[in-house]
Amino acid sequence: MQNNSKAQVMDAQAIENAIVRIAHEIVERNQSVEEVAIVGIRTRGEYLARRLSAILNRIAGIMPVQGVLDITLYRDDLMTADSQPVVHETDISFDVSVKHIVLVDDVLYTGRTIRAALDAFIDFGRPKSIQLAVLVDRGHRELPIRADYVGKNIPTSKAQAVKVRFREIDGTDEVLVLEKDIL
Amino acid sequence: MGAWKQKDLLGLEYLTKEQIEHILTTAESFKEVSTRGIKKVPALRGKTVVNLFYEPSTRTRVSFEIAAKRLSADVINIETETSSIRKGETLIDTGLNIQALKADIIVVRHNASGAAVMLARHVDISVINAGDGWHEHPTQALLDIFTLKQKLGRIEGLKISIVGDIAHSRVARSNIWGLTKLGAEVTVCAPKMLIPPAIEKMGVRVTDKIDNALQNADAINVLRMQFERDETTAFPKQLEYFKNFAITEERLKRAKKGIIVMHPGPINRGIEISSSVADGGQSVILEQVTNGIAVRMAVLFLVSQARR
């Protein structure tokens, strides 16, 4: 497979604006940010969660509790995936039973990652609620899952790929839609 | 690190530095699972792990069993005392039968050096060496190295001494392979009769003076004196061994400050190590046991993921 064209659908400013809006929506929906925990799904959800937490701190005056979830061991395609998944550390070092959890991921697509994340979370206890925040919802769900907070809805075809790039690991902030050549 | 391709773990001799590091990194991620309220992840759900032990073992077998169960695998223990092995079935026939039962991983402990390698050649399913004769005990060395790395932050450049019956120790051999590949300086120390010929070729220094082994060492790995294993060998008397080679508080005082004391267990208190050292602040013996689970989870996970 080879990418023969790409279109930038969000730039750094658009990403920043989307995260700020999501932060406001989280404050609006949850009575107290103190009861909210922001949990990023590795890899890019982790960076998104950090930025979201910093903005929540700015607008609500409280730095929310944060966590990181690695869903590798919960994947339903663990034994069949084309590329071999690498296991990374999970860090949920707070009592989940007293928190409203906001799961954070960069792209919502089939919903299978979120299914795995929900399963992983259940192993840590029973949170008050679990909400989902994503930067991009590109459609094509394969499970009955939806996001509570969406940075941008980007209609795509399955032949396309959505690539989120963050300055922390990719050197730049942007969202690209890539056309895949099917060989 | 590309995809993991090894369906078996037979010894550290057969792994590259990068592969050993990949196991250690994966184990770091698995360590967290054992700290959870629900100590279980579904990664090996539907897989069957068979513990095939031809030698008595409690800690290694239990450690593998717990590791497999924390990954949600089903575990069967075959004890040679009560199995058809008593009727003379060969290792390979037993392995083929386990494969025919559609198990996915065999964890084998055998008193013959090379047993795991031979078994892996005859079955398609994964084979993990849990100790074969005097040859290798790779998961023990991996957990030793993992513990060292957790304690000291690195392996490269460390000075590690291994003390005890080097000649008959698969733990020593696996540690030497692993540590030297990762760039540690290894010294082995034992009475002359317990040092195998040409051990220097493995890239280690040799001494028969315990104080030489302790001097400048960042860590010392004290092997179990296996008086029960081979009574025909001319072992020094236990008391004499204690006098000349045991790790005691007195001797540690002359060693580097903060030296780490390891032991693969089970310990012989008052033979190769004094009780006060085994239970003291420099001992990481029980941390090794805890880390063994994470390391074995990583190994079980990786071999089951092998892309062939």
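The structure presented is a predicted model; accordingly, all values stated were derived computationally and were not measured. (Residues numbered from 1 in each chain as written. Chains lettered and ligands numbered in written order. Predicted model: local features only at pLDDT ≥ 70, side-chain atom pairs only at ≥ 80, totals over all residues.)

Caption draft 1: Highlighting the sheet that holds strand S9 (residues 260-262) of chain B. Residue and element names in this part refer to chain B. If you walk across this open sheet you meet the 5 strands as S7-S6-S5-S8-S9, and the pairing is parallel. One side of each edge strand has no neighbouring strand; the edge strands of this open sheet are strand S7 (205-207) and S9. Neighbour to neighbour, the strand axes of the sheet diverge by 20° on average, direction disregarded. Here strand S6 (residues 185-189) pairs with S7 via 3 bridges, running parallel. Across the sheet, Thr 187 pairs through a bridge with Arg 205, a residue of S7. (Pairing = 2+ DSSP bridges. Helix = DSSP H or I, 4+ residues; strand = E, 2+ residues; numbered from the N terminus. Axes fitted to C-alpha atoms, helices over the stretch in contact; angles between N-to-C directions.)

Caption draft 2: Seen up close, the interface of chain A and chain B. Across the boundary between the two partners, chain A contributes 12 residues, which contact 17 residues of chain B. Of the residues in the side of chain A that touches chain B, the class split is 5 nonpolar, 4 polar and 3 charged. (Contact = placed C-beta atoms within 7 Å. Nonpolar A, V, L, I, M, F, W, Y, C, P; charged D, E, K, R; others polar.)

Caption draft 3: Quick peek at unusual backbone geometry. Cis rather than trans, the peptide bond between A:Arg42 and A:Thr43 has omega equal to 10°. The topology assignment puts A:Thr43 in the loop between strand S2 (36-41) and helix H2 (44-60). The amide bond that connects B:Gly265 to the next residue, B:Pro266, takes the cis arrangement and shows omega of -10°. Among the secondary structure elements, B:Pro266 is positioned in the loop between S9 and helix H10 (275-278). Phi is positive for B:Ser72, close to 75°, though the residue is something other than glycine.

Caption draft 4: Fine view of helix H2 (residues 59-70) of chain B. Residue and element names in this part refer to chain B. In a regular helix each residue adds 1.5 Å, so 12 residues correspond to 16 Å; H2 covers 16 Å between its end C-alpha atoms and thus fits that length. Every buried residue of H2 is listed here: Thr 60, Arg 61, Ser 63, Phe 64, Ala 67, Ala 68 and Arg 70. For H2, the secondary structure elements touched by its buried residues are strand S1 (48-53), strand S2 (74-79), strand S3 (105-110), strand S4 (126-132) and helix H11 (285-305). Phi turns positive one or two residues past the end of H2, at Ser 72, with a value near 75°. (Expected span 1.5 Å × (residues − 1). Buried ≥ 20, exposed ≤ 12 C-beta atoms within 10 Å, placed from the backbone.)

Caption draft 5: Structural context of the domain arrangement of chain B. Residues and elements named next belong to chain B. Taken domain by domain, chain B consists of domain 1 (12-136 + 290-305) and domain 2 (138-288). Taken together, the 22 residues of domain 1 in the interface contact 22 residues of domain 2. Breaking the side of domain 1 that touches domain 2 down by element, the ones donating at least two residues are helix H1 (17-31), S4 and H11. Top element by residues in the side of domain 1 that touches domain 2 is H11. It accounts for 6 residues. (Domains from an automatic or database assignment.)

Caption draft 6: Examining the sheet that holds S1(B) more closely. All names here are of chain B. Read across the open sheet, the 4 strands follow the order S2-S1-S3-S4; overall the sheet is parallel. If you trace the sheet from one side to the other, it starts and ends with S2 and S4, each paired once. Neighbour-to-neighbour, the strand axes of this sheet turn through a mean angle of 15°, independent of strand direction. By the bridge criterion, 5 bridges tie S3 to S4 in an arrangement that is parallel. Directly across from Val 107, in S4, lies its bridge partner Ile 128.

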